[in-house]
Amino acid sequence: MARRIATGDPTPVRWLLITVALGFLAVFLVLPLVAVLAEAFAKGVGAWWVALSGEDSRAAIRLTLIVAAIAVPLNVAFGLCASWAVAKYDFPGKSLLVSLIDLPFSVSPVISGLVWVLLFGAQGLLGPWLQAHDLKVVFAIPGIVLATVFVTFPFVARELIPLMEEQGRDEEEAAIVLGAGGLRTFWSVTLPNVKWGLLYGVLLCNARAMGEFGAVSVVSGHIRGLTNTMPLHVEILYNEYDFVGAFAVASLLALLAVVTLAAKTGLEWWHRDEIAASRRH
Amino acid sequence: MISVERLVKRFGAFKALDDVSLTVPEGKLMALLGPSGSGKTTLLRCLAGLDHADSGDIRLDGVDAAALRAKDRRVGFVFQHYALFRHMTVADNVGFGLKVRKGKDRPPAHEIAERVGRLLELVQLAGLAGRYPSQLSGGQRQRVALARALAVEPRLLLLDEPFGALDAQVRKDLRRWLRRLHDDMGLTSVFVTHDQEEALELADEVVVMNKGRIEQIGSPAEIYDHPASPFVFQFLGNANRLDCLVRQGVGAFGGWSFAARGVPDGPGVAFVRPHDVEVGPADGAAMAATLRHAIVLGPTVRLELSLPDQTPFEAELGREAFSRLDVSPGHAVGLTPRRVAAFPTQG
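Student: Quick question: what am I supposed to make of the overall build of chain A here?
Tutor: Across its full length, chain A carries 15 helices and zero strands. Taking the principal axes of its C-alpha atoms as reference, chain A extends roughly 70 × 60 × 30 Å. Within chain A, buried positions represent 42% of all 281 residues. Counting only contacts in chain A whose residues sit at least 6 apart along the sequence, the fraction spanning at least 24 positions is 71%. Roughly 15,600 Å² of accessible area belongs to chain A as shown, and the carbon and sulfur atoms make up 71% of that amount. Separation of charge centres in chain A, based on 19 positive and 21 negative side chains, amounts to 6 Å.

Have a look at this one:
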């Protein structure tokens, strides 16, 4: 029999709790994932591959990668700036900045898309000017990028702010007194100290950038082969009763989620000593 | 030589440094002593270039420090919590100041390695070059921080509460070791402390600070024997405070009078240290008092007494003297202060 401890519950209770937790996980996480894969491969690997290699699917995948390739670096830069500013300086409006960073989490994705339409759309604030100069923002790639950047900007900053605040500015000051310049201090002291947090932030930011549906849906215009990202493409195919096609693209997105989680766990495990060391210090 | 002239530093309405001037003589070890909020750490940070004064001058070997950025001052700084680079090994920490140099100032890699090795030997950590800071004890981290600061051959070594985070025994050992190191290497150093014992034991010169101002500068003996103000007297150790009246250089408290040279007529304060008072039988002594408690502290006994007007008074004497005295709580004794320091009442 297991050793009895003060906080230990009776065996039936323990089993009940574990069953509930695992059951919940199975119904809400594992089952959908299995369903996606089952549907995607319902007509064999060949049909799956044909669905993915179609021109529109390839265009959607390409667009998703482009958007992520622009949005993620932008938000890494923004996240580093914001967390550096919050953690290392005192300035008026600091707490306002911290709360504003959370805004995309608390606002509906529809709004996140709609603001860009209201700003840059044909009836929008800057619409006429853009039209006059033959620039397209809404229903084009720039709009999708803007919406994605907006939705994903908290990820990196949220990871880094608590980390940098906890670490304080002592090490940077030490580097400066030892003769290091600002850039050198950033590269060899600040960045290495936050690299794991930064990496998690990037992974989460990337997953969300590729998976975002709501905000992107509002600004995209759903033009096949031009402004359809993968999530939008899944919806279109599904609405056209092309289940294999829809689930084939969806399986890629699901794969992305699994890979992201695996990468995060793997990194944590691989560098567990270093991570523990930098937390303990 | 490092000189500071009329330094003023404000944080909002708070004056952290209020017209501070001092000189750090070449080759000396100077202590900035004061309670928290006295401005001592701010002064140290101004010397390092980590904070900037609102007005006043700092001169490093005759050069105006305002023209030099922190990174060009060649000042070594040991932080209170060491601030070691947590993701670098001990050797990389120590070598950092050399590696970040540019162009011809930067020594070749093998020379850096050699110097790091020598420094680690100097701080007795030669075997730990490959460790990370988190794998070291507090005392070892402290010594790595010191080696890192010394690597750039600083003209001035600054230490912020260098022993604050260590336990008592390690602190004592490190203190003596640091003093020897300072002398052997011919350093000019300034350290900040709130521990008067540490300042008096370690420093050649002590600067006592209070509320952003310098109360007194002098050798440990001068400071201890001739404190310039009631603050200094009280900060340097336990003291009994007696409100007295001074007339023509003579102070009076109760029925007892004492010399109060240089103190103007009027109300004053007199201080008597617990070990500067003789305790004898009740009759014929200068001050009558009643024993409340006797607490044995190793070789000495602390007596808690009260004077006729109920002012508490503390005295300290040897175990033997106490047993000769043969009194128990509630008994009357007579006090004869050996040394009294008197000051005019301020304000």
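Still to come is the rest of the account.
Student: Is there a simple way to explain the confidence of the model for chain B in this structure?
Tutor: Do not read the fine detail of predicted coordinates wherever pLDDT is low. In this model, chain B carries an average pLDDT of 90, and 99% of its residues clear a pLDDT of 70 or more. Across the interfaces of the predicted complex, the ipTM metric reaches 0.83, alongside a pTM of 0.80.

Student: Looking at this structure, how should I read the nonpolar core?
Tutor: Where a protein is soluble and globular, its nonpolar side chains tend to be buried together. Residues and elements named next belong to chain B. Core analysis: the largest hydrophobic core is formed by 43 residues, its most contacted members being Val-94, Leu-146 and Leu-157. Among the elements that line this core, the one with the most residues is helix 4 (residues 138–150), at six residues. Apart from residues no more than four positions distant in its own chain, Val-94 is found in contact with Val-116, Leu-119, Leu-120, Val-144, Ala-147, Arg-148 and Ala-151.

Student: Explanation requested: the sheet that holds strand 5 (residues 63–64) of chain B in the structure shown.
Tutor: Residue and element names in this part refer to chain B. Ordered in space as 2-1-4-5, the four strands form an open sheet in which the pairing is antiparallel. Two strands close off the open sheet at either side, each with one partner strand: strand 2 (14–24) and strand 5. Bridge count for strand 1 (residues 2–11) against strand 2 is eight bridges, and the pairing is antiparallel. Of the residues in strand 2, the one forming a bridge with Lys-9 is Leu-17. Helix 1 (residues 40–48) contacts strand 1, strand 2 and strand 4 (55–60) of the sheet and is inclined by roughly 120° relative to strand 1.

Student: It is not clear to me how the domain arrangement of chain A should be interpreted in this structure. Could you clarify?
Tutor: In many reports, interface size means the accessible area that the parts give up when they come together. Residue and element names in this part refer to chain A. One can read the domain layout of chain A as domain 1 (1–40) and domain 2 (44–279). Distance between the C-alpha centres of domain 1 and domain 2: 32 Å. The partner domain 2 presents nine residues to the five residues of domain 1 that form the contact. Of all residues in domain 1, Val-36, Glu-39 and Ala-40 give up the largest surface area on contact with domain 2, accounting jointly for 76% of the area buried on that side. Our enumeration of links across domain 1 and domain 2 arrives at zero salt bridges.

Student: How should helix 3 (residues 109–122) of chain B be read in this particular structure?
Tutor: Residue and element names in this part refer to chain B. The end-to-end C-alpha separation of helix 3 is 20 Å, in line with the 20 Å expected for 14 residues at 1.5 Å each. Every buried residue of helix 3 is accounted for by Ile-112, Arg-115, Val-116, Leu-119 and Leu-120. Along the long axis of helix 3, the arc covered by the buried residues comes to 135°, so they all point the same way. Of the residues in helix 3, the exposed ones pointing more than 90 degrees away from the buried face are His-110 and Glu-121.

Student: For this particular structure, what's the right way to read helix 5 (residues 168–185) of chain B?
Tutor: Residues separated by three or four positions in an α-helix point in the same direction, a consequence of the helix having 3.6 residues per turn. All names here are of chain B. For helix 5, spanning 18 residues, the distance from its first C-alpha to its last is 26 Å, which sits close to the expected 26 Å at 1.5 Å a residue. Leu-174, Arg-175, Trp-177, Leu-178, Arg-179, Leu-181 and His-182 are the residues of helix 5 that are buried. Next to the buried residues of helix 5 lie strand 3 (29–33), helix 3, helix 4, strand 7 (156–160), strand 8 (189–193) and helix 6 (196–202).

Student: Just to check I follow, could you spell out the pairing of strand 10 (residues 213–218) of chain B for this structure?
Tutor: A regular strand carries its side chains on alternate faces of the sheet. Residues and elements named next belong to chain B. As judged from the five bridges shared by strand 9 (residues 205–210) and strand 10, these two strands associate in the antiparallel manner. Bridging from a neighbouring strand, Val-207 pairs with Ile-217 of strand 10. Here strand 9 folds back onto strand 10 in antiparallel fashion, the turn holding two residues, of which Lys-211 has a positive phi close to 50°.

Quick notes on the rules
Residues numbered from 1 in each chain as written. Chains lettered and ligands numbered in written order. Predicted model: local features only at pLDDT ≥ 70, side-chain atom pairs only at ≥ 80, totals over all residues. Heavy atoms only, no water. Helix = DSSP H or I, 4+ residues; strand = E, 2+ residues; numbered from the N terminus. Buried < 20%, exposed > 50% of the residue type's maximum accessible area, 1.4 Å probe, protein only. Contact = heavy atoms within 4.5 Å. Areas by Shrake-Rupley, 256 points an atom, 1.4 Å probe, with all protein chains shown as cover. Lys, Arg positive; Asp, Glu negative; His and termini not counted. Charge placed at Lys NZ, Arg CZ, Asp CG, Glu CD. pLDDT = per-residue confidence, 0-100. Core = buried A, V, L, I, M, F, W, Y, C linked by side-chain atoms within 4.5 Å. Pairing = 2+ DSSP bridges. Axes fitted to C-alpha atoms, helices over the stretch in contact; angles between N-to-C directions. Domains from an automatic or database assignment. Buried area = accessible area lost by both parts, 1.4 Å probe. Salt bridge = Lys/Arg side-chain N within 4 Å of Asp/Glu carboxyl O. Expected span 1.5 Å × (residues − 1). Arc of directions from axis to C-beta.

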